[in-house]
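Fold and contact review
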Amino acid sequence: MQSWRRKSLWLALSASWLLILLRVFPVLRLKEPARRQAGSPQGWPHWLDTELLQSFSQPGELLEDGLQPPQAPRGGSCTQGACFDASRCRGGGLKVFVYPAVGPISETPRKVLTSIEGSRYHTASATEACLLILVLGPDTPAGECHPVPPQWDGGKNHLVLSLHPAPCLRIFQLGQAMVAEASPTVDTFRPGFDVALPLLPEAHPLRGGALGQLRQHSPLPGVALIAVAEERGGWRTAGTNFSACPWDGRCEQDHGPKQTHPGAMLPNATFCLIPGRSPDALHFLQALQAGCIPVLLSPRWELPFSEVIDWTKAAVVADERLPLQVLAALQEMPLTRVLALRQQAQFLWDAYFSSMEKVIHTTLEIIQDRISGASAHPSLLWNSPPGALLALSTFSTSPSDFPFYHLQQGSRPLGRFSALIWVGAPDQPPLKLIQAVAGAQHCAQILVLWSSKKPPPPRWPETAVPLTVLDGHRKASDRFLPYSAISTDAILSLDAHSSLSTSEVDFAFTVWQSFPERMVGFLTWSHFWDEAQGGWGYTGERANEFSMVLTSAAFYHRYYHTLFTHSLPKALRTLADESPRCVDVLMNFLVAAVTKLPPIKVPYGPWHQEARPPPLAPGSPRLRAEPQPAAQNCINRMAAGFGHMSLVSSRLRLDPVLFKDPVSVLRKKYRSLEKP
């Protein structure tokens, strides 16, 4: 008992002495780590994928070693409201003027000028524009920079654009000008005012661009899990069995095959580790194109178009000081998450980065969204296929109004359609066709686009739905103008010589409601590559495979009229007017380029007249010895205009239930489809 008392007394005395020492000598007191105040610079990078490191330290718990004060951003405190006069943009629309080049220019600035001049925002008048663009080339010596333009006005309402590091940008007196440069540092970038561009290779294509390389969601057996970007421009691969970091040379690792040219080979891996140095920003686009998830190690440069692109859906930002934790987190990432990241990387590459034209147009679209304010693109349109460049805000800013987002929104298009019947010069009023379409279950209105030199008849047949006659301009592309009289999402495009039954119309519309982003038609063409002629051709011969449906009898969404009018280059619309047969090809090109999907064929009665293109196209035996007409070459000119062949082939035809089955016709909903 006495021993226990002595021990208790000794413990009490020891505790008392410890408290006295802590009061007398404050330096010995245990202190919690000081927390950073709000607004102070954070050393730990902003994690884009925080759920990957749930078991590790939180970003605010680690401090940067030897933190350096950030550089003062250029232009002081310039913001969109303070340094940009939006009142010069009449009606909220962006008009852009680009200063002409001074002296000889390299290929990259020439592509930039061509892309800007081909944009729907371009104007040739500096006084009419509300944004003036000055393009800086990478090869211009510092002593030969572009002189200050006379409309400079301290840089207000100006954009200085540089796709590569330019000496002139460092010495140029920017003033209140916005800056769009490749891979700007986070210290000098002004969010909401400047625009971060990707670092592009010198040989980046003007339009079209290479498609993404992702073919399946997981690597084949033997394919490395990780590819690491190297300073010399190549990649080295690392397998899954490693116990130390595969970067910065601080571990033993099999470097894999060497790569000497930056564009020689894209990384074939699941994750691409990219150091945070600015010169490594070029690897970022290579990873996106390859479908390799970019893992950015403490990046010191602003991600491209970060103002509108949600990079949490396509990339991972990690701290380069925690190699083992990062590698463990990548190994444990669920396959569903890996698939989602890789698919998003492919979408972003194709939508915004695969060509110079897309990069420039995305830059202008971001500035247009700033001017529009509340009517700008929502995040869903920027970060979901087909992307904001193909979801025009002049049509709508609500995703439910476009044909692409019904599945994500859990909605369906309106249950009625408008029939648009085009009457050309030699055609007679399509009275029989009007009666057949008016009897369709879901027809809301009939619009007759009269493009004939003869005046329309004074009287038209009485129908159960409204009938309106529109005055056309005798051009083949008139049928695809966004007429305000169209009141439904669905359009049934018809020619005066088309022949359809009511049952065919009803079934085709039912199919279109399930696929509102695609064209649904009856008569089909197919394209092919002709080795002998070295070009594309198309044919209307009946075959199992097709890639186009004729707009003389097809359903599609009315948004494609807006896209056709405001998005297509003027040269392609002129081509369609000069060769009316090309208008079918052009509309199919447009829809396929947007959706990356083929059209859908529905049954068409054999008693109807089959469609044929003008004497078949390159490769037809009866044409080999004859000059190729311009109408037959339109498919090659359109492939050049789009930058690639966008048509997609299919062998799918959708038939109604019990179609041609040997059962009683009383059990079939669309009985007249099989009657001669």
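- The protein carries the name Exostosin-like 1 isoform X1 in an unreviewed UniProt entry, which gives Odocoileus virginianus as its organism.
- Quoted verbatim from the Subcellular location (unreviewed entry) heading of the UniProt record, the comment on the protein is "Endoplasmic reticulum membrane".
- Taken directly from UniProt, the Pathway (unreviewed entry) text for the protein runs: "Protein modification; protein glycosylation."

1. A look at the state of the cysteines
- All told, the structure shown has three disulfides when counted by the stated rule.
- One disulfide in the model links Cys78 with Cys83; its S-S distance is 2.0 Å. The sign of the -90 degrees torsion about the S-S bond sets the Cys78-Cys83 disulfide as left-handed.
- For Cys83, a relative accessible area of 5% puts it in the buried group.
- Covalently, Cys89 is tied to Cys130 through a disulfide, its sulfur atoms 2.2 Å apart.

2. Overview of helix H16 (residues 634-642)
- Those residues of H16 lying buried are Cys634, Ile635, Asn636, Met638, Ala639 and Phe642.
- On the buried face of H16, the contacting elements are strand S16 (524-530), strand S17 (535-539), helix H14 (570-578) and helix H15 (582-595).
- Count one or two residues on from H16 and you reach Gly643, which has phi positive near 90 degrees.

3. Things to note about the packing of aromatic side chains
- Under the defined criterion, the tally for this structure stands at 27 aromatic pairs.
- When the ring of Phe404 is compared with that of Tyr560, the centres are 6.4 Å apart and the planes differ by 70 degrees; the resulting orientation is edge-to-face. Of this pair, Phe404 sits in the loop between helix H9 (379-383) and helix H10 (406-409) while Tyr560 sits in helix H13 (residues 559-566), placing them 156 residues apart in sequence. Accessibility assignment for this pair places Phe404 and Tyr560 in one class, buried.
- Arranged with centres 6.1 Å apart and planes meeting at 80 degrees, the rings of Trp450 and Trp460 form a pair that is edge-to-face. Of this pair, Trp450 sits in strand S12 (residues 443-450) while Trp460 sits in the loop between S12 and strand S13 (467-471), and the two are 10 residues apart along the sequence. For the pair shown, Trp450 and Trp460 are each scored as buried.
- One aromatic cluster is present, built from ring pairs that chain together Phe395, Phe402, Phe404, Tyr405, Tyr559 and Tyr560.

Definitions and limits used
Residues numbered from 1 in each chain as written. Predicted model: local features only at pLDDT ≥ 70, side-chain atom pairs only at ≥ 80, totals over all residues. Heavy atoms only, no water. UniProt positions renumbered as here; feature names shortened; annotations may be inferred. Disulfide = S-S within 2.5 Å. Buried < 20%, exposed > 50% of the residue type's maximum accessible area, 1.4 Å probe, protein only. Helix = DSSP H or I, 4+ residues; strand = E, 2+ residues; numbered from the N terminus. Contact = heavy atoms within 4.5 Å. Phe/Tyr/Trp six-rings, centres within 6.5 Å; stacked < 30°, edge-to-face > 60°.

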